[in-house]
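Residue strings, one per chain:
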Amino acid sequence: MKTDIVQLFDNPYLALGATIAVIMAYLSVNAIMLIWLERKLSARIQRRIGPQRGPWGLMQQIFDMGKLLSKELLTPAHANKLLYVIAPIMVFAPVVALSSLFPITRTYIFHDFNIAIVLILAISGINVVGIFLAGWGSNNKYALLGAVRSVAQNISYEIPLILSVIPIVMITRTMSLYDIALAQSAYPFVLVQPIALIIFIIAATAETNRAPFDIPEAESELVAGFHTEYSGMRFGLFFFAEYSHMIFACALATVLFLGGWHGPILPDAVWFFIKVYALIVLMMWFRWTFPRLRFDQLMKFAWVVLVPLSLINLLITTLVLKLV
Amino acid sequence: MLEQSVVYLFVALVLIGGCMAAFSRQVLYAIIGLGISLLGLAGLFLSLGSPFVAAMQVLIYIGGITVAIVFAMMLSIAMSVRPPDPDVRKSMFAIGCAVVFFFAVAYLIRDTSFPQVASPASEKAWSVGALGHALLTHYNLVFETLSLVLLLAIIGAILIARKEKT
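Values in this document were obtained by computation on a predicted structure and should not be read as measured data.

Reading the values: rules and limits
Residues numbered from 1 in each chain as written. Chains lettered and ligands numbered in written order. Predicted model: local features only at pLDDT ≥ 70, side-chain atom pairs only at ≥ 80, totals over all residues. Helix = DSSP H or I, 4+ residues; strand = E, 2+ residues; numbered from the N terminus. Buried ≥ 20, exposed ≤ 12 C-beta atoms within 10 Å, placed from the backbone. Contact = placed C-beta atoms within 7 Å. Rg over C-alpha atoms; globule rule 2.2 N^0.38 Å. Nonpolar A, V, L, I, M, F, W, Y, C, P; charged D, E, K, R; others polar. Domains from an automatic or database assignment. Axes fitted to C-alpha atoms, helices over the stretch in contact; angles between N-to-C directions. Parallel < 35°, antiparallel > 145°, perpendicular 65-115°, else oblique. Left-handed = near helix turned anticlockwise from the far one by under 90°. Core = buried A, V, L, I, M, F, W, Y, C linked by C-beta atoms within 7 Å. pLDDT = per-residue confidence, 0-100.

(A) Structural view of the overall build of chain B. Looking only at helices and strands, chain B features 6 helices and 0 strands. Starting at the N terminus, the α and β elements of chain B follow one another as α-α-α-α-α-α. Relative to its full complement of 166 residues, chain B shows a buried share of 14%. Counting only contacts in chain B whose residues sit at least 6 apart along the sequence, the fraction spanning at least 24 positions is 49%.

Given below as structure tokens:
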């Protein structure tokens, strides 16, 4: 039987405050640790040592955070002040709002919502608007170009992403993440939907703007893309948002395809996080292995390969469900 | 009390966003206003007890339509040129249309007897099966008509954007 946080606290406002506090704390610590992990992993892949301050280079991140927090917040003279300040918040806020939907264990959850998948697909689309406002508000040609690329990429890859989630909803006949995880007690859905998982991971990597799909911030062409003009903690917020989106996408893949908390011997939450971080390491591995795609290749890949493939997968799933 | 004030907050969002969309001289601000207005509308659906419609509103109108308009604007010159001065004749025509539309809708709302619902729909009513069943049986005609309208819009857009053969 499941207990959600409102039942636990017996007060909706207290529950809301506790949920936001836990998620913000987790996402912040997680982003710092993932930056460390990424630097160490990339160093290993390139036969370097990586950060070395403190044990295993862990102190490096603490110093970097101190630097980011204490830096002056510069605002470009001709920037649109309001949009410039709102944009990083709009990129980060959707992840915080949606993280409470994930069922980490089978007994204690933050909140179970019966149309969670629609809500996730809906609200995670808002961060595109944030990226666009950042590019426009900065009043910088590189930032605007990065924003244009980002919007084009995000709306293209959202379609295969949604199409790869639909087979799971068809199999389980529910849109609640808790019920989807519960339905995988016998076997994880990756065994019956391997193509959907591959499409999901590729599309999610594109949605998080990570290499090999990082053309919105391609440093050799666009300086830093949509966040060129940002400094200090405003830039830090974009950085946090990228790593939070990563863990968000990997958690969604874990619940939809890898069986969520299910696993032998170890406790539920441990299994959940093992799966999530395994996927994150996979995404980091992509970044340091594949070269960046050219813009036309990127669009062609989405519309000519991924969309038809996900439609065929959907069709086959429908047929099999009808016949069995 | 709190729920009541949240409803008024959403109504305020709808009105402020609508005014921004209608009166702004900059295309970008008009789009942002439209987005705010649509977000407020989603909030109203939520406070009326239909989270599915609210989520769909955000998914289609903010994640889809607003982003698509932004995208189309970015590729046109409308963002970088100074907006033209308002045309009095066009403004008068628009005001006339708006007034007629407002009174028509107000008249319709006054003359419709809405059924009183005791409590918002239960969780069962929003299950995937119930939604799919409703869409493909009771609302099938609406659903298919909307698809036709969208198809016509796409064909129209292609016709307008098509390059003339020289």
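Next comes the rest of the account.
(B) Focus on the overall build of chain A. The helix and strand tally for chain A stands at 13 helices and 2 strands. Against the compact-globule benchmark of 20 Å for 324 residues, chain A has a radius of gyration of 20 Å, which places it among compact chains. Viewed in the frame of its principal axes, chain A has a C-alpha envelope of about 60 × 50 × 45 Å. Taken across its 324 residues, chain A has 44% of its residues classed as buried. Long-range pairs, those at least 24 residues apart, make up 77% of the contacts in chain A with a sequence separation of at least 6.

(C) Fine view of the interface of chain A and chain B. Listed as interface residues are 21 residues of chain A and, on the opposing side, 20 residues of chain B. Elements supplying a minimum of two residues to the side of chain A that touches chain B: α5 (116-123), α6 (126-137) and α7 (141-172) of chain A. Here the residues of the side of chain A that touches chain B are counted per class, giving 17 nonpolar, 3 polar and 1 charged.

(D) A look at the domain arrangement of chain B. In terms of domain boundaries, chain B breaks down into domain 1 (1-83) and domain 2 (123-166). Just the C-alpha atoms count here: the centres of domain 1 of chain B and domain 2 of chain B sit 21 Å apart.

(E) Looking closely at the packing of α7(A) against helix α9 (residues 194-207) of chain A. Residues and elements named next belong to chain A. As a packed pair, α7 and α9 sit with axes 8 Å apart at the nearest point and diverge in direction by 150°. Here α7 is positioned roughly antiparallel relative to α9, judged by the angle of their axes. At the point where α7 passes α9, the crossing takes the left-handed sense. Counting all contacts with α7, which are made through Q153, N154, Y157, E158, P160, L161, S164 and P167, the residues of α9 involved are A196, I199, F200, A203, A204, A206 and E207. Its residues assigned to classes, the contact of α7 with α9 comprises 10 nonpolar, 3 polar and 2 charged.

(F) Broad picture of unusual backbone geometry. Residues and elements named next belong to chain A. Residue R47 is not a glycine yet carries a positive backbone phi of 55°. What makes R47 exposed here is the crowd of 6 C-beta atoms within 10 Å. Located in the positive-phi region is R173, a residue other than glycine, with phi close to 55°. Relative to the assigned elements, R173 resides in the loop between α7 and α8 (177-182). For R173, a count of 14 C-beta atoms within 10 Å corresponds to the partly exposed category.

(G) How the structure looks around the packing of helix α11 (residues 232-257) of chain A against helix α12 (residues 268-287) of chain A. Residue and element names in this part refer to chain A. Look at α11 against α12: their axes get within 9 Å of each other, and the N-to-C directions meet at 125°. Here α12 runs oblique to α11, going by the angle between their axes. Our pair here, α11 against α12, has a crossing hand that is right-handed. Contacts from M246, I247, C250, A251, A253 and T254 in α11 reach F272, K275, V276, L279, I280 and M283 in α12. Of the residues in the contact of α11 with α12, the class split is 10 nonpolar, 1 polar and 1 charged.

(H) Highlighting the nonpolar core. Formed by 106 residues in total, the largest nonpolar core has its most connected members in A:V118 and A:A253. A:V118 has contacts with A:M175, B:F52, B:A55, B:M56 and B:L59, leaving out every residue within four places of it along the chain.

(I) Representation of the confidence of the model for chain B. This prediction gives chain B a mean pLDDT of 82; 89% of its residues lie at or above 70. Mean pLDDT values for the elements of chain B range from 80 in helix α5 (residues 128-136) of chain B up to 90 in helix α4 (residues 88-111) of chain B.

(J) Molecular detail of the environment of A:L298. Residue and element names in this part refer to chain A. Along the chain, L298 turns up in helix α13 (residues 295-323). Here L298 falls in the buried class, since 20 other C-beta atoms lie within 10 Å of it. Taking the C-alpha atoms as reference points, L298 and P51, separated by 247 residues in sequence, lie 33 Å from one another. Apart from the residues lying within four places of it in its own chain, the contact partners of L298 are Q153, F213, I215 and L293.

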